[in-house]
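# Residue-level structure breakdown
Okay, here's what each chain looks like letter by letter:
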Amino acid sequence: MAKPEPDLMERVVSLCKRRGFVFQSSEIYGGINSCYDYGPLGAELKRNVKDAWWQAMVVRRDDIVGLDSAIIQHPEVWRSSGHVAGFSDLLVDCRRCKGRFREDHLDAIPCPDREFKGRVARVCQQEGLHTEPRAFNLMFETHAGPVKDSASIVYLRPETAQGIFTNFLNVVNSSRMAPPFGVAQIGKSFRNEITPGNFVFRTREFEQMEMEFFVPPADEDRWYEYWVEQRFRWYVDNGVRPDRLRKRPHAEDELAHYSSGCTDVEYLYPFGWGELEGIAKRGSYDLTAHAKGCGKDLSFFDEATKQRYVPHVVEPAAGCDRAAMTFLVDAYDEETVTDEGGKSEVRTVLHFHPRIAPITVAIFPLVKKAGMPERAKEIQATLMDAGLRTFFDEKGAIGRRYRRQDEVGTPYCVTIDGDTVERDGTVTVRDRDSMAQDRVQPAELVAFIRDKMKAWRRG
Ligand code: ATP
């Protein structure tokens, strides 16, 4: 049975900063709490996560279309959806340490008071140190236009889903989709979280990958089961170890009032099990609420059965930043390796799925002479033309170059050596996970790498 590894998080965070995955935002000004910037490798990692999701959810299906809706929407959207009245968490203040905490997180939050080192904030609540819980709305408010009054209040969207519901008619009328069909969207969401933390797991600005799947009411259960399985598989197919994942169906008292079922895909993070994605049955709640709010009919007329109905919705809602962090944490390993001379060393390696890895192929001329750098550049250009993300490195001993790429999870390193320029033209392809090397003709390199990517399995 897999166990959490509390000190792993620190090592991953340190690697992220050292190698340019994630930086503290506005660091040169001292940073801003719980805001992060993605560096050169982090930007590639996130792009690959989003591409893998879009491929699985849109490109490889003919029953789902994409959407890219605005972050700022009509304020009525958030009144109809229930967010203005109810998108809140319970907040408590500690009279002693002056801390402010989310009530349902008290069991996991360490008390910040040094005197109470090692105890969780729930104990302070039990000792009567906290105020009564009160609702705190998580939506960020701002004003549209030059006048700052109550009429100009707008919200930064706290989820991408509502932009899909408000475009339901537009999509049906313009793309002629009919239930069962889905609309998928990736984009930024904003929540004024009371207690952000655990690196990019919970931040106030984050990216979501959400899909609303509209179905005839009688088919909701069947599609719910289907999407729970599909979404669990997506993480495994992209390299996450299945023994670190679980499906957790929500208990009755956890469900939103309109939902008849929700299952979280959870991952065993270094700090314990946490939600990676939620798959929910939303019934006809959203379309009915918007129909009431805007006064338009948001039902669907089925030509085949001559019946009109409001579709029910199954929603898989994932976080891009949480997924990226999960791929990082899950891929991280420190392995002891022994070279041919019997010398042992520890190598840090990220066992990313090649689809998720920020760099796919590193190119190394063995030495900076004898035509090797020039030949290496030519080979790199071929790989670039094939759409592979490459990295050129001619500095330092070859072993060190391999280690640098292992540490950022590059699955393949191609070395151009004396044989390449003087003998048979072949290059070596070194595999990150097995460290085995093959000699390959440059003309066959792209196909060789693509085959390896397809056949990749987590060891
Ligand atoms: P929680 O209970 O953890 O606050 P939630 O159940 O409200 O989360 P959803 O509204 O279901 O979350 O959002 C869908 C997904 O969006 C989550 O599974 C998560 O991956 C991501 N997400 C939600 N809030 C945040 C956040 N503050 N920071 C990063 N990702 C988030």
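Each chain has its residues counted from 1, following the order in which its sequence is written. The model is predicted, so local features are restricted to residues of pLDDT at least 70 and side-chain atom pairs to those at 80 or more, both for listing and for counting; the totals for chains, interfaces and linings are taken over all residues. Side-chain descriptors were evaluated using all non-hydrogen atoms of the structure, hydrogens and water having been removed beforehand.

## A few points about the sheet that holds strand β4 (residues 88-93)
Applied cut-off: Two strands make a pair as long as DSSP finds a minimum of two bridges between them. A run of H or I in DSSP counts as a helix once it spans at least four residues, and a run of E counts as a strand once it spans at least two, with each numbered from the N terminus. To obtain each axis, a line is fitted to C-alpha atoms, and for helices this fit is confined to the stretch in contact; angles are then taken between N-to-C directions over 0 to 180 degrees.
Taken together, 3 strands build an open sheet; the order of strands is β5-β4-β6 and the sheet is antiparallel. Single-partner strands in this sheet number two, and they are β5 (100-102) and β6 (134-137). Across the sheet, the axes of successive neighbouring strands diverge by a mean angle of 45°, strand direction being ignored. Relative to β5, β4 runs antiparallel, the two sharing 3 bridges. Within β5, the position partnered with L91 by the bridge is R102.

## Quick notes on the site of the ligand
Inclusion rule: Definition of nearness: a residue and a molecule or strand are near each other if at least one heavy atom of the residue lies within 4 Å of the molecule or strand. Think of a polar contact as two N or O atoms within 3.5 Å of one another; within protein, one of them needs to be a possible hydrogen donor and the other a possible acceptor, and neighboring residues in sequence only count if both atoms come from side chains. Throughout, the Shrake-Rupley method with a 1.4 Å probe supplies accessible areas, and for residues the shown protein chains are the sole cover considered.
Surveying the vicinity of the ligand reveals 15 residues, the closest of which are R191, E193, R202, T203 and E275. Within the side chain of E193, an N or O atom sits 2.8 Å from a nitrogen atom of the ligand. Between a nitrogen atom of the ligand and a main-chain N or O atom of F201, the distance comes to 3.4 Å. Contact with the protein chains removes 82% of the 610 Å² of surface that the ligand exposes when unbound. At the level of secondary structure, the elements contributing two or more residues to the shell around the ligand comprise β10 (205-215), β13 (272-283) and β16 (312-319).

## Some details on the pairing of β16
Quick reminder of the rule: Working definition: with a 1.4 Å probe on protein chains only, accessible area under 20% of the residue-type maximum means buried, over 50% means exposed, and in between means partly exposed.
Of all the 8 residues making up β16, 8 are buried; the element is thus mostly covered by neighbouring parts of the structure. Because side chains alternate across β16, one face comprises the buried residues H312, V314, P316 and A318, and the other comprises V313, E315, A317 and G319, equally buried. Note: β10 against β16, 6 bridges, orientation antiparallel. Bridge pairing in β16 places F213 opposite V314. Inspection of the sheet shows β13 paired to β16 by 6 bridges, in the antiparallel sense. Its bridge partner being in β16, A280 is matched across the sheet by E315.

## Section: the domain arrangement of the protein
Under the convention used in this document: Domain extents, as shown, originate in an automatic or database domain assignment. The criterion used for residue contact is that any of the two residues' heavy atoms lie within 4.5 Å. By definition, the buried area sums, over both parts, the 1.4 Å-probe accessible area that each loses when the two are put together. Salt bridges are defined as contacts in which a side-chain nitrogen from Lys or Arg sits within 4 Å of a carboxyl oxygen from Asp or Glu. Throughout, the ten residues Ala, Val, Leu, Ile, Met, Phe, Trp, Tyr, Cys and Pro are labelled nonpolar, Asp, Glu, Lys and Arg are labelled charged, and all others, Gly among them, are labelled polar.
Along its sequence, the protein is organised into domain 1 (8-84 + 138-327), domain 2 (88-134) and domain 3 (359-455). Each partner contributes residues to the interface: domain 1 has 6 residues there, and domain 3 has 5 residues. Among the residues of domain 1 in contact with domain 3, R19, L41 and E44 are the three that bury the most area, contributing 67% of the side total. At the junction of domain 1 and domain 3, the tally comes to 3 salt bridges. When the shortest N-O distance is used, the salt bridge between E407 and R19 registers 2.9 Å. The tally of links between domain 1 and domain 3 comes to 4 residue pairs in polar contact (both at pLDDT 80 or more). Those elements giving two or more residues to the side of domain 1 that touches domain 3 turn out to be α1 (8-19) and α2 (40-59). With 3 residues, the single largest contributor to the side of domain 1 that touches domain 3 is α1. Residues belonging to the side of domain 1 that touches domain 3 are distributed by class as follows: 3 nonpolar, no polar and 3 charged.

## Here we look at the sheet that holds strand β19 (residues 361-365)
Ordered in space as β20-β19-β21-β22-β23, the 5 strands form an open sheet in which the pairing is mixed. Since the sheet does not close on itself, it has two edges, and those belong to β20 (390-392) and β23 (437-440), each with one partner. When strand polarity is set aside, the average angle formed by the axes of neighbouring strands in this sheet is 25°. Bridge analysis of strand β21 (residues 412-416) against strand β22 (residues 427-431) gives 4 bridges, and the strand direction is antiparallel. Paired with T415 across the strands is T428, a residue of β22. Helix α11 (residues 372-385) rests against β19, β20, β21 and β22 of the sheet, and its axis sits at about 170° to β20.

## Quick word on the nonpolar core
Threshold: To form a nonpolar core, buried Ala, Val, Leu, Ile, Met, Phe, Trp, Tyr and Cys residues must be joined to one another through side-chain atoms within 4.5 Å.
Counting 56 residues, the largest nonpolar core has F21, Y235 and F352 as the members making the most contacts within it. Not counting residues up to four positions away in its chain, the partners in contact with F352 are F21, L45, F327, L328, A331, A357, P358, V408, G409, R432 and W456. Core analysis: the second largest hydrophobic core is formed by 18 residues, M372, L383, I416 and V440 among them.

## Here's the deal with helix α10 (residues 320-331)
Residues three or four positions apart in an α-helix share a direction because the helix packs 3.6 residues into each turn. Formally: Expected span of a helix: the number of residues minus one, times 1.5 Å.
The first and last C-alpha atoms of α10 sit 16 Å apart over 12 residues, in line with the 16 Å expected at 1.5 Å per residue. Where burial is concerned, most of α10 is hidden: 12 out of the 12 residues are buried. Those residues of α10 lying buried are C320, D321, R322, A323, A324, M325, T326, F327, L328, V329, D330 and A331.

## Remarks on unusual backbone geometry
The omega torsion of the bond from P179 to P180 falls at 0°, within 30 degrees of zero and hence cis. By secondary structure assignment, the location of P180 is in the loop between α7 (168-175) and β9 (181-190). Even without being a glycine, N198 presents a positive backbone phi close to 55°. Looking at the secondary structure, you find N198 in the loop between β9 and β10. Using a relative accessible area of 38% as the deciding quantity, one classes N198 as partly exposed.

## Looking at the packing of aromatic side chains
Each aromatic ring pair is characterised by the separation of its centres together with the angle its planes make. Stated precisely, the cut-off is as follows: Only the six-membered ring of Trp is used, alongside the rings of Phe and Tyr, when aromatic pairs are assigned; centres must lie within 6.5 Å, and planes under 30 degrees apart are stacked while those over 60 apart are edge-to-face, with the rest tilted.
Within the structure shown, the criterion is met by 20 aromatic pairs. Relative to F181, the ring of F168 lies with its centre 6.2 Å away and its plane at 25°, an arrangement referred to as stacked. Highlighted residues: F168 in helix α7 and F181 in strand β9, separated in sequence by 13 residues. Summarising the burial analysis for this pair, F168 and F181 share the class buried. Between Y269 and F271, the ring centres sit 5.1 Å apart and the planes meet at 5°, which makes this aromatic pair stacked.

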